[in-house]
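# Descriptive structure summary
Here is how the chains run, residue by residue.
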Amino acid sequence: MHTRNQWGGSFELSTNDELASGENTSRAGEWDRAALLDHHQSQHLLRHDLDETLQSWVLEKQAEKNKKKYVDFGFIVCSHRALKWTLGSILVAFCVIGLPIIIAKSLPKHHSPPAPPDNYTLALHKALLFFNAQKSGRLPKSNSIPWRGNSGLNDGHDITDVKGGLVGGYYDAGDNTKFHFPMAYTMTMLSWSVLEYKQKYMAINEYAHTRDLIKWGTDYLLLTFNSSATKTDKIYAQVGGGLNGSTIPDDHYCWQRPEDMDYDRPTITKYQGPDLAGEMAAALAAASIVFQDDAAYSQKLIKGAQTVFAFARDGGKRGAYSRGDPHIEPFYNSTGYYDEYMWGAAWLYYATGNSSYISLATNPKIPGHAKAFYMIPDFSVLSWNNKLPAAMLLLTRFRMFLNPGYPYEDMLKMYHNVTTLTMCSYLHQFNVFNFTKGGLIQLNHGQPQNLQYVANAAFLASLFADYMQAANVPGWYCGPNYFPISVLKTFATSQMDYIMGKNPMRMSYIVGYGNKFPRHVHHRGASMPNDHKHYSCTGGWKWRDSRNPNPNTITGAMVGGPDRFDQFHDTRRNYNYTEPTLAGNAGLVAALVSLTSTTGSSGIDKNTIFSKIPPLGPQNPPPPPPWKP
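Residues numbered from 1 in each chain as written. Predicted model: local features only at pLDDT ≥ 70, side-chain atom pairs only at ≥ 80, totals over all residues. Heavy atoms only, no water.

- Under an unreviewed UniProt entry, the chain has the name Endoglucanase and belongs to Crotalaria pallida.
- One UniProt comment on the chain, placed under Catalytic activity (unreviewed entry), says "Endohydrolysis of (1->4)-beta-D-glucosidic linkages in cellulose, lichenin and cereal beta-D-glucans."
- As its UniProt record puts it under Sequence similarities (unreviewed entry), the chain is described as follows: "Belongs to the glycosyl hydrolase 9 (cellulase E) family." (UniProt positions renumbered as here; feature names shortened; annotations may be inferred.)

### Examining the state of the cysteines
- The full count for this structure, using the stated rule, is two disulfides.
- Paired by a disulfide, Cys254 and Cys537 hold their sulfur atoms 2.0 Å apart. Residues Cys254 and Cys537 share a disulfide whose torsion about the S-S bond is about -90°; that sign makes it left-handed. Of this pair, Cys254 sits in the loop between β4 (235-239) and β5 (267-270) while Cys537 sits in the loop between α17 (524-527) and α18 (541-544); the two residues are 283 residues apart in sequence, bridging distant segments of the chain. (Disulfide = S-S within 2.5 Å. Helix = DSSP H or I, 4+ residues; strand = E, 2+ residues; numbered from the N terminus.)

### Describing the pattern of salt bridges
- Scanning all chains against the criterion turns up 17 salt bridges.
- A salt bridge links Arg265 to Asp155; the nearest nitrogen and oxygen atoms lie 2.9 Å apart. Of this pair, Arg265 sits in the loop between β4 and β5 while Asp155 sits in the loop between α4 (119-133) and β3 (178-179), and the two are 110 residues apart along the sequence.
- In this structure Asp155 comes out as buried when scored by relative accessible area, which is 3%.
- Within this structure, Arg148, Arg257, Glu259 and Asp260 form a network of salt bridges that share partners. (Salt bridge = Lys/Arg side-chain N within 4 Å of Asp/Glu carboxyl O. Buried < 20%, exposed > 50% of the residue type's maximum accessible area, 1.4 Å probe, protein only.)

### A look at the packing of aromatic side chains
- Evaluation of the coordinates by the stated rule reveals 33 aromatic pairs.
- Between Tyr332 and Trp384, the aromatic rings sit 4.8 Å apart at their centres with planes inclined by 75°, giving edge-to-face as the arrangement. With Tyr332 in the loop between α9 (295-313) and α10 (338-352) and Trp384 in the loop between α12 (365-370) and α13 (388-402), this residue pair connects regions lying 52 residues apart in the sequence.
- Among the residues examined, Tyr332 registers a relative accessible area of 8% and is labelled buried. (Phe/Tyr/Trp six-rings, centres within 6.5 Å; stacked < 30°, edge-to-face > 60°.)

### A word on the sheet that holds β3
- Read from one edge of the open sheet, three strands run β3-β4-β5, paired in antiparallel fashion. Every interior strand has two partners, whereas the edge strands, β3 and β5, have only one. (Pairing = 2+ DSSP bridges.)

### Some remarks on helix α5 (residues 180-196)
- The end-to-end C-alpha distance of α5, which contains 17 residues, comes to 24 Å, matching closely the 24 Å that a straight helix rising 1.5 Å per residue would cover.
- The element α5 is extensively covered by neighbouring structure, given that 17 of its 17 residues are classed as buried. (Expected span 1.5 Å × (residues − 1).)

If you want it as structure tokens, here you go:
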């Protein structure tokens, strides 16, 4: 038996005949036929077989060499070649795109500078500083007026029911008197401007500052009556003051810095005064909306506003607060109080949402007594004394944006109509008011100190234009004539530009703004040097009568202004030209913020002022009683 080749063949060599016969041709002792082949032939066959074997090995190696190799990532299988190309592409992309981005991000940033503030913004920054200069009491270190210090720390020493006295608040003008009637009006106007233009104040970094100014005033107003009670029977109406022509040391006779006052400053108490109380209620209510992010303080303001407004509405206390008082009547005489009823009730409604206030504000008897619909030109002039145009505009806002309908619609429509006519009266072409040759509207019959009324009118016109823009109303009618809202903005800007220097005198009437402005402002603190010397009551007269410019610049103060011929006399002795006031600067600030466009924002905050008003419309009917079989 022969061993077989395990790879499938025999190791034996046989002839074809033997293979055909199928016999076993191998015998013991016999030569194999292969042995008969000559040696050369056998070597040739062996070499041929070897070459074929080597070729098969070489081909096998070459096939293995050319065979693609793969990488298995588990979730995908990728050839080596594709993987190399992918990684290479990523590297190139990183070098071309990613690396420059990383380098650019790491370099110092060079942002384009912001747009410079417009002139109204520049003037607004300064106008707000005037209130810092007018502060009475113990001043914070942040007050930023280097020539001012603590003053009036004994104010209210003659009353016993206010702990600590009446320390704080603001001096009214160039003297050292604290008149609470115009002070309250000032806080109302500042609060109104903040509620309408909060975003603008924030964008120019004056929001916190203006709120601080308002709070300085409202904190003081809360001291002037029993604001912690639900009812009060008196109001402290004034601290200091004087009599015309008197030679007794007082705020008029003496020329002293507030820090040096050494004369008696009596507190004036009033047991009636719906005008004073109504304005104080308006101020506290408006401020309560400004401070609604401080719930405790806001509620304190609301409570005080309700208490003092109840005093205003007391039927037994219906007499003007200034009537017959020689310390008040020559300076801040009130000619009526029904405008304060409308004004205070509107603000209390916005502050509380209590419908009794809006019912009062739209009661036909209120505008009837106030003669709101008589179309008397003087009644379209907003001032510390006349709130009618502001109150009607504030209530027109209610109609334009909330449209409450019955039962308020009839009166609100009347207020709206009168408001549009007020705007018409400001336009030169209707000749309701005279204008100077230089273009300044005369809202006080050519009398002195006109600028405070001009600033107020500019604010009302600008604000009404913003109301119409927010309501998508393109304009309004003056009789048959239709005017676009741009006409109101043009009026407002023309008047404010006059105040800021575009006038025949080429003078800015805002101290510290522009290159030419009043240097002899009628103001005790600004006119006397802060040299740590004490000047007596009459010892300060030399500074009053000096022809030299004031040693201290009372930045932002808007003075009384030019006469009806556009002429201005920069003299300290003539207060009609050169004395500033709280009420005047309040209107100035409101007008400036309404016109500033530095931030790109133009428009009002429609909703914040209405945040306390509940949803309008019919109440849901009560549920039916449970069914009983």
